[in-house]
Amino acid sequence: MLDRRKFGITAAALLGACAAPREPDSEPSGPDSPLYFDLHIDTPGRLVAERLNIAESPVYSQVDIPKMRQGGLNAGFFAVFSSARNKTPIESVKDALRITDVVVETVNRHPDDLFLGLVADDAVRAQREDRIAVFLGVEGGHMIDSSVGVLRQLYRLGTRYLGLTHSGNTPWVGAAEYPDDGPEGLTDQGREIVREMNRIGMMADLSHASEKAFYDTIETSSAPILNTHAACTAIANHPRNLTDDMLKALGQNGGVLGVAYYAGMLDDEYRARFPELREIGRKRAEVRREFAGDFKRLSEELWKLNLAEVDTIGAPPLSRLVDHIEHAATVAGIDHVGLGSDYDSVGLKLPVGMEHIGKTPNLVTALRERGFSEEDVGKVMGGNVLRAMREAEGVAAASGA
């Protein structure tokens, strides 16, 4: 039976928790609040597939302008993603260009609220101007088709990090969850690509890379690396989580782990209940087919299935997310921990109280209650990302790029 003491939340409760934004109970965002910089937001997929209007705030939206403002977001990386397993490399390159265009056009339509972030200090500028800096990250090295020329063009369009791989290996780097289908770590070509990223100022994201690729990249890179959305193996044994040795290496490199909110990476007992969701998964596929041309209805029906998942297996407490942040801070060092929510790609497989980005003040409160100082809260919320990006920009500047 479901342990309601640990996963005791229902869809009915979430209907209130995920309602349209209101003013949060905690302090509002402002120049004196901690800089809030999210390393991984998957909203571009919904902008494309569901035609989401980012200026509106329907109940099924996890990231939109009203909720970003409610949560105090100053800057965030919007992830550009194309499947590595059912697209050819050239199709993925086209997807990267198409999705980037959608994000940039979305940003341009809302200049009072959003602007395209290109350098680290744009996050500071966003806080000062009471706007939100939208940065671009490409999630998967297959989206450059093994070409440094494509890599450089994506940089010129605004991409500031590249996930070296995703749900499959590329010819030059191995993936965490597909160890038998390609190189184990970085090939010589992979090292060349990482060095070129250092030269132009694009950061490497190792969130989906194999353990060997993680160490190979740290050995190769002269700039800090990112792991934009993962967690800690010592607390939950997910194949993409970082071991303590990896956390220590990340700290020595100067990089940052963006602790993911995805509950499947946070709690082994919760993830063990996923087989109970098979029937809902089947219904999800049916809904995508039935409402493929009705974008609003599709979003609404998928949201209902998200609620059904919560009714079936519950949700871990917010304290479990804080456990991972605290462990990473202890092992890697407080200067090497950030946030990578993964909103808009994981449904409601999230800790209680973190159902959308507007709920971020709940996390700030939880960090303070756990004993994090105001300085350390500021580092976790965004200060560490800012520092790592500035260092990467410094490496590029020194190279004369």
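Bear in mind that the values here come from a model prediction, so they are computed numbers and not experimental data.

Calculation notes
- Residues numbered from 1 in each chain as written.
- Predicted model: local features only at pLDDT ≥ 70, side-chain atom pairs only at ≥ 80, totals over all residues.
- Heavy atoms only, no water.
- Axes fitted to C-alpha atoms, helices over the stretch in contact; angles between N-to-C directions.
- Helix = DSSP H or I, 4+ residues; strand = E, 2+ residues; numbered from the N terminus.
- Parallel < 35°, antiparallel > 145°, perpendicular 65-115°, else oblique.
- Left-handed = near helix turned anticlockwise from the far one by under 90°.
- Contact = heavy atoms within 4.5 Å.
- Nonpolar A, V, L, I, M, F, W, Y, C, P; charged D, E, K, R; others polar.
- Expected span 1.5 Å × (residues − 1).
- Buried < 20%, exposed > 50% of the residue type's maximum accessible area, 1.4 Å probe, protein only.
- pLDDT = per-residue confidence, 0-100.
- Pairing = 2+ DSSP bridges.
- Core = buried A, V, L, I, M, F, W, Y, C linked by side-chain atoms within 4.5 Å.
- Phe/Tyr/Trp six-rings, centres within 6.5 Å; stacked < 30°, edge-to-face > 60°.
- Salt bridge = Lys/Arg side-chain N within 4 Å of Asp/Glu carboxyl O.

Draft legend 1. Looking closely at the packing of helix 9 (residues 211-220) against helix 10 (residues 244-253). Running from N to C, helix 9 and helix 10 point in directions that differ by 20°, and their axes come no closer than 11 Å. Considering the angle they form, helix 9 stands roughly parallel to helix 10. The way helix 9 lies across helix 10 gives a crossing that is left-handed. Every residue of helix 10 that contacts helix 9 at E211, F214, Y215 and I218 is listed here: D245, M246, A249, L250 and N253. Looking at the contact of helix 9 with helix 10, its residues break down into 6 nonpolar, 1 polar and 2 charged.

Draft legend 2. Seen up close, the environment of L250. Position of L250 relative to the elements: it lies in helix 10. For the pair formed by L250 and S207, sequence separation is 43 residues and the distance between their alpha carbons is 12 Å. Apart from the residues within four sequence positions on either side, L250 is in contact with F214, I218, I225, L242, G255, V256, L257 and H336.

Draft legend 3. Expanded view of helix 15 (residues 318-331). Here helix 15 contains 14 residues, and its C-alpha end-to-end distance of 21 Å stays within 8% of the 20 Å for a straight helix at 1.5 Å per residue. Every buried residue of helix 15 is accounted for by L318, L321, V322, H324, I325, H327, A328, A329 and V331. Contacts made by the buried residues of helix 15 are with helix 10, strand 8 (256-260), helix 11 (263-266), strand 9 (337-340), helix 16 (360-370) and helix 17 (374-399). Of the residues one or two after helix 15, G333 is the one with positive phi, at around 115°.

Draft legend 4. Broad picture of the confidence of the model for the protein. When pLDDT is averaged across the protein, the result is 91; 91% of the residues are at 70 or more. Contacts from residues 1-5, a stretch scored under 50 in pLDDT, to residues over four places away or in other chains number 11 contacts. Low pLDDT, under 50, characterises residues 19-29; the stretch is placed with 16 contacts to residues that sit more than four places away or in other chains.

Draft legend 5. Local environment of the pairing of strand 2 (residues 75-81). Extensive coverage of strand 2 is indicated by the burial of 6 of its 7 residues. As judged from the 3 bridges shared by strand 1 (residues 37-41) and strand 2, these two strands associate in the parallel manner. Note that in strand 2 the partner of F37 across the bridge is A75.

Draft legend 6. Structural detail: the nonpolar core. Formed by 86 residues in total, the largest nonpolar core has its most connected members in M68, L164, I325 and L363. Tallying contributions element by element places helix 15 first for this core, with 7 residues. Dropping the residues within four chain positions of it, L164 is found in contact with G140, G141, T170, W172, V173, L186, V194, M197, A204, D205, L206 and T217. L39, F115, M203 and A388 belong to the second-largest nonpolar core, a separate cluster that totals 21 residues.

Draft legend 7. The environment of R51, seen in detail. Checked against the element boundaries, R51 lands in the loop between helix 3 (43-49) and helix 4 (65-71). According to the relative accessible area criterion, R51 is exposed, its value standing at 56%.

Draft legend 8. Fine view of the packing of aromatic side chains. Under the criterion given, the structure shown has 7 aromatic pairs. Summarising the aromatic geometry, the rings of F77 and Y161 are spaced 4.5 Å apart at their centres and angled 45° between planes, so their arrangement reads as tilted. You can see F77 sitting in strand 2 and its partner Y161 sitting in strand 5 (residues 159-163), a full 84 residues away along the chain. By the burial criterion, F77 is buried, and Y161 matches it. By the ring-pair criterion, three or more aromatic residues cluster together here, those being F37, F77, F135 and Y161.

Draft legend 9. Representation of the pattern of salt bridges within the structure. Taken as a whole, this structure holds 34 salt bridges when the rule is applied. For D216, the salt bridge identified is with K212, shortest N-O distance 3.0 Å. Of this pair, D216 and K212 are both found in helix 9, 4 residues apart, which corresponds to roughly one turn of the helix. Judged by its relative accessible area of 38%, K212 is partly exposed. For the salt bridge of R284 with E309, the shortest nitrogen-to-oxygen distance reads 3.0 Å. Taken together, the residues R284 in helix 13 (residues 278-290) and E309 in helix 14 (residues 295-313) connect sequence positions 25 residues apart. No difference in accessibility class separates R284 from E309, as the two residues are buried.

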